[in-house]
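A look at the structure
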Amino acid sequence: MAPSGPGSVRRRCRRVLYWIPVVFISLLLGWSYYAYAIQLCIVSMEDVGEQVVCLIAYHLLFAMFVWSYWKTIFTLPMNPSKEFVNRVNNCVGFSNYKFFLLFLAYSLLYCLFIAATDLQYFIKFWTNGLPDTQAKFHIMFLFFAAAMFSVSLSSLFGYHCWLVSKNKSTLEAFRSPVFRHGTDKNGFSLGFSKNMRQVFGDEKKYWLLPIFSSLGDGCSFPTCLVNQDPEQASTPAGLNSTSKNPENHQFPAKPLRESQSHLLTDSQSWTESSTNLGKGKAGMSNPALTMENET
């Protein structure tokens, strides 16, 4: 039997409050569907061709908007514990960030489409060109709501597009990430194309669909190569840089994770280990070096 008391009552109240935004958006979306599809397209539009085109385009945007919103609120941001999920309804993280971006994109297109196709009827409302029915009031409020949300969504969507182009989250935008070599505000930026693929994936056919296609595991992330190997920088063009390495181990050209990139920054320890290895091969009597060379 579930425990009862003031604590459980507060938890239930918080859980109800968490669902208020979802209920508000659902009611607003339901009203917009009735106002546009029924009152505007079917009741107010007289041209059959205009009705068909507007209804097809509207239902396509409506379906993508609902699909991306559903995936955003019901996809866990990572792998949080059950307590975490019950404590906060949901948030945006690695697993649902693509869905959130698509939700912003399709909601913006949804509002812009409604405002553009409703504009001429909104003008007729003020010039007394519409019949005196309840449809005229739905048309007026529908245009106001679509125009208002278009302004707010365009700024929010533009901001997140800038974050994606820099491969940042809101945390890195307000505070530069810290690496072993220090802070670097562009430490995770791999270039515009690779930054986009980090969120949307390599297969472009999935980019516009609310299907998970992001790269990585959400725990470790690639970083830009901060410090280059000094031998590679001094190698003349046309020469094989692997000829200096007796074991033919090539340095990776792709960006390294933060946990790996620090190996390139500690040049002193790298030089000392190379010197000790050379002495061991020359016949030094240090037993630790001898065991290391034998293994």
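In this text the structure is predicted, and so the values were computed from the model without any measurement.

**Observations regarding the layout of surface pockets**
Any empty space left between atoms is shown by rolling a water-sized probe over those atoms. Estimates place the volume of the second largest pocket at around 690 Å³. Considering the residues around the second largest pocket, the lining is formed by 25 residues, among which Asn167, Lys168, Ser169, Glu172 and Phe221 are closest to the centre. Contributing elements (two or more residues each) for the lining of the second largest pocket: helix H5 (97-126), helix H6 (135-165), helix H7 (170-174) and helix H8 (192-200). Here the residues of the lining of the second largest pocket sort into 13 nonpolar, eight polar and four charged.

**Concerning the packing of aromatic side chains**
Overall, the coordinates contain 23 aromatic pairs when judged by the stated rule. For the ring pair phenylalanine 122 and phenylalanine 143, a centre distance of 4.3 Å and an interplane angle of 20° mean the geometry is stacked. Placement of phenylalanine 122 in helix H5 and of phenylalanine 143 in helix H6 is noted, with a sequence separation of 21 residues between them. The interplanar angle of 55° and the centroid separation of 5.4 Å between the aromatic rings of phenylalanine 179 and phenylalanine 188 together place this pair among those described as tilted. Residue phenylalanine 179 is classed as buried on the basis of its relative accessible area, which comes to 9%.

**A look at the UniProt feature "transmembrane region" (unreviewed entry) in the protein**
Those places that UniProt annotates as "transmembrane region" (unreviewed entry) correspond, in this numbering, to residues 16-36, 56-78, 99-117 and 137-159. The distance from the first to the last C-alpha atom of residues 56-78 is 36 Å, and the span holds 83% helix and 0% strand. The annotated region residues 137-159 carries 100% helix and 0% strand content, and the separation between its end C-alpha atoms amounts to 34 Å.

**Focus: the side chain of threonine 75**
Structurally, the position occupied by threonine 75 is in the loop between helix H3 (48-74) and helix H4 (82-87). Given a relative accessible area of 17%, threonine 75 falls into the buried group. Separated by 2.6 Å, the side chain of threonine 75 and the backbone oxygen of lysine 71 make a polar contact.

**Side note on the side chain of lysine 98**
Tracing the backbone through its elements, the reader meets lysine 98 in helix H5. Despite its burial, lysine 98 pairs with no opposite charge; the closest candidate is glutamate 203, at 10 Å N-O. Polar side-chain contacts of lysine 98 include one of 3.2 Å to the backbone oxygen of leucine 209. Excluding anything up to four places from it in sequence, lysine 98 contacts Val199, Phe200, Tyr206, Trp207, Leu209, Ile211, Ser213 and Ser214.

**Thoughts on a positive patch on the surface**
A cluster of like positive charges, contributed by Arg10, Arg11, Arg12, Arg14 and Arg15, occupies part of the molecular surface. When you line up the elements, arginine 11 lands in helix H1 (residues 6-18).

**Some points on the nonpolar core**
Grouped together as the largest cluster of nonpolar side chains are 44 residues, with contacts concentrated most on Tyr36, Tyr58, Tyr97, Tyr110, Ile114 and Phe200. Breaking this core down by element, the ones donating at least two residues are helix H2 (20-44), H3, H5, H6 and H8. For this core, the element with the most residues is H5, which contributes 16 residues. Beyond its immediate stretch of four places on either side in the chain, isoleucine 114 contacts Tyr36, Tyr58, Leu142 and Ala146.

**Looking at unusual backbone geometry**
Of note in this structure, asparagine 167 is not a glycine but carries a positive phi near 55°. You can call asparagine 167 buried: its relative accessible area is 18%.

The rules behind each value
- Residues numbered from 1 in each chain as written.
- Predicted model: local features only at pLDDT ≥ 70, side-chain atom pairs only at ≥ 80, totals over all residues.
- Heavy atoms only, no water.
- 1 Å grid on protein atoms, 1.4 Å probe; cavity = no way out; pocket = protein on both sides within 12 Å on 5 of 7 lines; lining within 4 Å.
- Points joined across faces, edges and corners; volume = space filled by probe spheres on them.
- Helix = DSSP H or I, 4+ residues; strand = E, 2+ residues; numbered from the N terminus.
- Nonpolar A, V, L, I, M, F, W, Y, C, P; charged D, E, K, R; others polar.
- Phe/Tyr/Trp six-rings, centres within 6.5 Å; stacked < 30°, edge-to-face > 60°.
- Buried < 20%, exposed > 50% of the residue type's maximum accessible area, 1.4 Å probe, protein only.
- UniProt positions renumbered as here; feature names shortened; annotations may be inferred.
- Polar contact = N/O pair within 3.5 Å; in protein donor to acceptor, adjacent residues only side chain to side chain.
- Lys, Arg positive; Asp, Glu negative; His and termini not counted.
- Salt bridge = Lys/Arg side-chain N within 4 Å of Asp/Glu carboxyl O.
- Contact = heavy atoms within 4.5 Å.
- Patch = residues over 30% accessible without salt bridge, like charges linked within 9 Å, V, L, I, M, F, W, Y side chains within 5 Å.
- Areas by Shrake-Rupley, 256 points an atom, 1.4 Å probe, with all protein chains shown as cover.
- Charge placed at Lys NZ, Arg CZ, Asp CG, Glu CD.
- Core = buried A, V, L, I, M, F, W, Y, C linked by side-chain atoms within 4.5 Å.

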